[in-house]
Amino acid sequence: QVQLVESGGGLVQPGGSLRLSCASSGMIFSNYNMYWYRQAPGKERELVAAITNTDRSTYADSVKGRFTISRDNAKSTVHLQMNSLKPEDTAVYYCNAAGAFTSYWGQGTQVTVSS
C-alpha cells in the first residue's frame, strides 16, 4: 500500500525557516509528479508548490522566492524548504503524489508561524 508521511512542521517565529519532508513508499516515486498543498482553518486547500517527474518546479505567487521544492528520487522523498516565514503561512501542509490514474495524500504536518 502507498504511504506518504510528512515531517518537519512545528512552531517558528516570523522570518524563520522550516524544512518539510515527505517520505513515500509503495509506489514508483519517479513516475509521479509531487505537490505540496496547505490548508488554514476556514480556507480552501491551496497548491503551494509542485515538482514534476522531470524535476520542473512551480510555486504559488504567495510563496515564490521564499519556498523551494525539491525531490530525491533515490530516497523517494520530496522536500519543501520554507524561508522568511510569515504568519499567513500558518496552515497544515500536505504532501500529494499524482500519477496518470491515481493520487495519494499524506496525513499533513502543522506549521505555525507566530511571535
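Structure's up top.
Because the structure is a prediction, the values reported are computed rather than measured.

1. Remarks on the pairing of strand β7 (residues 67-72)
Looking down a regular strand, the side chains alternate between one sheet face and the other.
Here's step 1: The side-chain alternation of β7 yields one buried face, formed by Phe67, Ile69 and Arg71, and one unburied face, formed by Thr68, Ser70 and Asp72.
Here's step 2: Two strands pair when backbone bridges link them, and β7 and strand β8 (residues 77-82) are joined in this way by 6 bridges, in the antiparallel orientation. Counted as the bridge partner of Arg71 is Val78 from β8.
Here's step 3: Following β7, the chain reverses through 4 residues before pairing antiparallel with β8; Ser76 in that reversal takes a positive phi of roughly 50 degrees.

2. Concerning the pattern of salt bridges
Any two side chains of opposite charge can pair, so long as their charged atoms come close to each other.
Here's step 1: Summed over all chains, the structure comprises 3 salt bridges.
Here's step 2: When the shortest N-O distance is used, the salt bridge between Glu46 and Arg38 registers 2.7 Å.
Here's step 3: Asp89 serves as the salt-bridge partner of Arg38, at 2.9 Å between the closest nitrogen and oxygen. Taken together, the residues span a long stretch of sequence, with Arg38 in strand β4 (residues 33-39) and Asp89 in the loop between β8 and β9 (91-98) at a distance of 51 residues.
Here's step 4: Residue classification places Arg38 among the buried positions, given a relative accessible area of 5%.
Here's step 5: Overall, the relative accessible area of 1% leaves Asp89 in the buried class.

3. Thoughts on the state of the cysteines
Here's step 1: As enumerated under the stated definition, the model contains 1 disulfide in all.
Here's step 2: Each disulfide pairs two cysteine sulfurs, and for Cys22 the partner residue is Cys95, the sulfurs being separated by 2.1 Å. Since a negative S-S torsion denotes a left-handed disulfide, the Cys22-Cys95 link at about -80 degrees is left-handed. Of this pair, Cys22 sits in strand β3 (residues 18-25) while Cys95 sits in strand β9; the two residues are 73 residues apart in sequence, bridging distant segments of the chain.
Here's step 3: The exposure class assigned to Cys22 is buried, which follows from its relative accessible area of 0%.

4. Examining the pairing of strand β5 (residues 46-51)
Here's step 1: Examined bridge by bridge, β4 and β5 share 5 bridges and lie antiparallel to one another. Note on β5: the bridge partner recorded for Arg38 is Glu46.
Here's step 2: Taken together, β4 and the strand that follows it, β5, pair antiparallel across an intervening segment of 6 residues, in which Gly42 is found at a positive phi of about 80 degrees.
Here's step 3: Bridge count for β5 against strand β6 (residues 57-59) is 3 bridges, and the pairing is antiparallel.

Quick notes on the rules
- Residues numbered from 1 in each chain as written.
- Predicted model: local features only at pLDDT ≥ 70, side-chain atom pairs only at ≥ 80, totals over all residues.
- Heavy atoms only, no water.
- Buried < 20%, exposed > 50% of the residue type's maximum accessible area, 1.4 Å probe, protein only.
- Helix = DSSP H or I, 4+ residues; strand = E, 2+ residues; numbered from the N terminus.
- Pairing = 2+ DSSP bridges.
- Salt bridge = Lys/Arg side-chain N within 4 Å of Asp/Glu carboxyl O.
- Disulfide = S-S within 2.5 Å.

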